[in-house]
Every structure is written in structure tokens, then in C-alpha cells.
Amino acid sequence: MSKVAGNQLFARTDQGVWASTDEGSNWNKVTSGTVTGIKAIGLSNDGVPTMYFGGTNGKFYRQDNAIYTGISSHNLTSTLPMILRGDHISWIRVHPKDRTTAYISFSDIEPRSRVYKGKNLTTGAPTWTAIGGDLPSELPVNCIEVDPENPDDILFAGTDFGLYYTCNGGVNWTKVSILANVDIRQLEFRERDRHLFV
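Residues numbered from 1 in each chain as written. Predicted model: local features only at pLDDT ≥ 70, side-chain atom pairs only at ≥ 80, totals over all residues. Heavy atoms only, no water.

### Points about the pattern of salt bridges
Taken as a whole and assessed by the stated rule, the structure comprises 12 salt bridges. The salt bridge partner of Asp 87 is Arg 114, with a shortest N-O separation of 2.8 Å. Here Asp 87 is found in the loop between strand 7 (74-75) and strand 8 (89-94), whereas its partner Arg 114 is found in the loop between strand 9 (102-106) and strand 10 (115-119), with 27 residues between them in sequence. Comparing Asp 87 with Arg 114 shows no difference in burial state: the two are buried. Its salt-bridge partner being Arg 194, residue Asp 147 comes within 2.6 Å of it at the nearest N-O pair. With Asp 147 in the loop between strand 12 (141-146) and strand 13 (155-159) and Arg 194 in the loop between strand 16 (188-190) and strand 17 (195-197), this pair connects stretches of sequence that are 47 residues apart. Residue classification places Asp 147 among the buried positions, given a relative accessible area of 3%. (Salt bridge = Lys/Arg side-chain N within 4 Å of Asp/Glu carboxyl O. Helix = DSSP H or I, 4+ residues; strand = E, 2+ residues; numbered from the N terminus. Buried < 20%, exposed > 50% of the residue type's maximum accessible area, 1.4 Å probe, protein only.)

What follows is the structure, given as C-alpha cells:
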């Protein structure tokens, strides 16, 4: 669901992404072609959002003007670092102040960063930075969230082994010890009272 337009809903299917602009009464397919293995959708904070979606085998796409049909999807898979192109994208969170920047997480058990930041994603030359920092090696990251007031520095990661946060853009991560060591599958930050829902 869009964070700025509550009537906009998005659903991933085996055939692509569908969208509703009337709270689910009517749905239209908004992605072009057939894209399988979609596991994650991220939306920009715009009335007509830019959408990023991806999933298995490192598939990663951008859809401009995502509530409209008949617009081609942009395949950005080849822009990812080569080492990630067979990995499983588990979550996408678009920077709340910049639709050209997004954070993605990976849920594979691999000895490399499971969180990346992509910039310039609407240009022909996107850049990717590993921001897994000192998260435990091979720890799957299932979901990510950002602090809307400080999205470049403060991030949260839901993992197979509890919740972690960073205050320096992913250089260092700290485990939240008051939560159990459980598998965390979704995070949502409510801006009006600054509560994080796990």
C-alpha cells in the first residue's frame, strides 16, 4: 500500500504486479510482459509512485508512473553487482525523500553483505554500495526499514535472528537485545509517533 495515498494498493503475482487505485475494488496489471518470481515491491513517496520490484535470481525492475497501465518496466538486473545476480531479493525500501535511491535486502545464506543501497536508479548508470557492515556473516536479512527523518543514516534490519539497527548508514549494526531471537519478516515505521512495528 502506498504510504502517501491509502487508496493505492499493489499486489505481486506469478504474472507481474497489479495495482488498484480504489482501495481494491478494481485491479489492473501495471507491469509489462510476464515477470515471475517477484518477492518484493518498493514504492516511492509520490502520488504517482515509482515502483521497484524483484525477487528470485536477483531480478530487479523499475516501473515509472506505477498506477498506470501500458508503461514498460525497466529491467535493472544487470546493474546489480555480478555476485548478487543469483541471490534472492527479500525486501525493497525506497528512500522516502529520493525516488532514485532504494535499499534492498537478501535472504540467502551467503558470506557477503545482505543489504545494499542503490543510487541513481532512474539513470543509465546506477551505483550499488554494500551496507551490511558488521552484521553477522551469512545472516539472512528478510526486511529493511528506514527512519523517514534520517533515511541515509538510521536503518533497521529484520533477520532470521532478531532485529538490528544502524545509525551510520550501515557501517555498524547493533542487535536489539530486548527482542527475542526470532525470525522477523516485516518492519513498518509510523512517522507520526515514531513507532517501529515488528
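On we go from here.
### Topic: the pairing of strand 1 (residues 9-13)
Two faces make up the sheet, and in a regular strand the side chains alternate between them. Sheet topology note: the strand 1/strand 2 (residues 16-20) ladder contains 5 bridges and is antiparallel. The residue of strand 2 that forms the bridge with Thr 13 is Gly 16. (Pairing = 2+ DSSP bridges.)

### Notes on the state of the cysteines
Applying the stated rule across the entire model yields 0 disulfides. In this model Cys 143 remains outside any disulfide bridge; the closest cysteine sulfur is found in Cys 167, 17 Å from its own. By relative accessible area, Cys 143 is classed as buried at 0%. (Disulfide = S-S within 2.5 Å.)

### Structural notes on the sheet that holds strand 3 (residues 28-29)
A sheet is described by the order of its strands in space; here 3 strands give the open sequence 1-2-3, paired in antiparallel fashion. At either margin of the open sheet sits one strand with a lone partner, and together these are strand 1 and strand 3.

### Focus: the side chain of Lys 117
Inspection of the secondary structure puts Lys 117 in strand 10. One polar contact links Lys 117 to Asp 152, side chain to side chain, over a distance of 3.0 Å. Residues in contact with Lys 117, not counting those within four places in the same chain, are Thr 101, Ala 102, Tyr 103, Thr 127, Trp 128, Thr 129, Ile 131 and Asp 152. (Polar contact = N/O pair within 3.5 Å; in protein donor to acceptor, adjacent residues only side chain to side chain. Contact = heavy atoms within 4.5 Å.)

### Points about unusual backbone geometry
Here Asn 65, not a glycine, exhibits a phi torsion of approximately 50°, which is positive. Its location among the elements puts Asn 65 in the loop between strand 6 (60-63) and strand 7. Take Asn 65: its relative accessible area is 37%, and that puts it in the partly exposed class. One non-glycine residue, Arg 194, lies in the positive phi region at around 55°.

### Notes on a nonpolar patch on the surface
Side chains of Ile 178, Leu 179 and Val 198 sit close together on the surface and give an oily, nonpolar patch of about 310 Å² of accessible area. Positionally, Val 198 belongs in the segment after strand 17. (Patch = residues over 30% accessible without salt bridge, like charges linked within 9 Å, V, L, I, M, F, W, Y side chains within 5 Å. Areas by Shrake-Rupley, 256 points an atom, 1.4 Å probe, with all protein chains shown as cover.)

### What about the packing of aromatic side chains?
Across all of its chains, the model carries 5 aromatic pairs by this definition. Between Phe 106 and Tyr 116, the aromatic rings sit 6.1 Å apart at their centres with planes inclined by 85°, giving edge-to-face as the arrangement. Of this pair, Phe 106 sits in strand 9 while Tyr 116 sits in strand 10, and the two are 10 residues apart along the sequence. The exposure class assigned to Tyr 116 is buried, which follows from its relative accessible area of 8%. Among the aromatic residues, those joined into a ring-pair cluster are Tyr 52, Phe 60 and Trp 128. (Phe/Tyr/Trp six-rings, centres within 6.5 Å; stacked < 30°, edge-to-face > 60°.)

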